[in-house]
Amino acid sequence: MSDTTKRDAGFIPTDRLEALTDAVFAFAMTLLVVNIELPESFDPKTNREFLDGLAGLADTFTAYLITFFVLVSFWFGHAKQTAEPEMASPGYAWAVLFHLLFVTLLPFSMLALNRYDVAGAVWIYGANMILLAVTALLVARAAERDSGRASSSDGRVELGLLIVSAVLSMIASLWSPDYAMLLYLLNLASPRVARTVYGR
């Protein structure tokens, strides 16, 4: 199919989607740090009080680091996409846009998690992570279909592990919302798990 025919069929240049993707990821990553704030009532009189106030942000900072590195891993996944077509079909474009929808929701999910120490906040965050992983899989499938090339299975194990850690975190939040986020650290093992699965 020629580029003119593809444009007539609703295809758009993939580089337009790539530019939008980079901008959305950069904006979401920037918004994450805005959620790290000391209470307005915080008024330390000594260095010790100030350091104690910072120590009180440990949970928030942990959530920030986890969320930031999850976004980085998704951005890397997009950047390394080998089966990406030169012209994006409407199906591929919508898959990318739905994925970006859940990227833009991550700052809100993290804000809810930081402000409310309840299981419901962990569930919102976990659901956001699961939807990010599912839409990333849909993007990869649409890219394979449009390009006619099967990509390697790289990323699927990592996305599966992210879904598992999100579900475990949501379950753990029923007992301890404070420690539920630590289950996302399971994702640090994803390279080793991937090597085991793919035999590399």
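Residues numbered from 1 in each chain as written. Predicted model: local features only at pLDDT ≥ 70, side-chain atom pairs only at ≥ 80, totals over all residues. Heavy atoms only, no water.

(A) A look at the nonpolar core. With 39 residues, the main nonpolar core has L71, F74, Y92, V103, Y125, M129 and Y184 as its most contacted residues. The set of elements that each furnish at least two residues to this core consists of α2 (14-34), α4 (58-79), α5 (90-115), α6 (119-147) and α7 (156-172). Aside from chain neighbours lying at most four places away, what touches Y125 is A63, I66, T67, L106, S109, M110, L113, M181 and Y184. (Core = buried A, V, L, I, M, F, W, Y, C linked by side-chain atoms within 4.5 Å. Buried < 20%, exposed > 50% of the residue type's maximum accessible area, 1.4 Å probe, protein only. Helix = DSSP H or I, 4+ residues; strand = E, 2+ residues; numbered from the N terminus. Contact = heavy atoms within 4.5 Å.)

(B) Molecular detail of α4. Look at α4: 31 Å from first C-alpha to last across 22 residues, which is about the 32 Å you get at 1.5 Å a residue. Structurally, α4 contributes buried residues whose contacts are with α2, α5, α6 and α7. (Expected span 1.5 Å × (residues − 1).)

(C) How the structure looks around the pattern of salt bridges. Per the counting criterion, the structure on display carries 3 salt bridges. K45 is paired through a salt bridge with D43; the nearest N and O atoms lie 2.6 Å apart. (Salt bridge = Lys/Arg side-chain N within 4 Å of Asp/Glu carboxyl O.)

(D) Structural detail: the packing of aromatic side chains. Under the criterion given, the structure shown has 5 aromatic pairs. With centroids separated by 5.4 Å and ring planes inclined at 85°, the aromatic side chains of F68 and F69 adopt a geometry described as edge-to-face. Its relative accessible area of 24% is what places F68 among the partly exposed residues. On the basis of relative accessibility, which here comes to 52%, the residue F69 falls in the exposed class. Among the aromatic residues, ring-to-ring pairing joins F61, Y64, F68 and F69 into one connected group. (Phe/Tyr/Trp six-rings, centres within 6.5 Å; stacked < 30°, edge-to-face > 60°.)

Remember, this is a structural readout, not a statement about activity or role.
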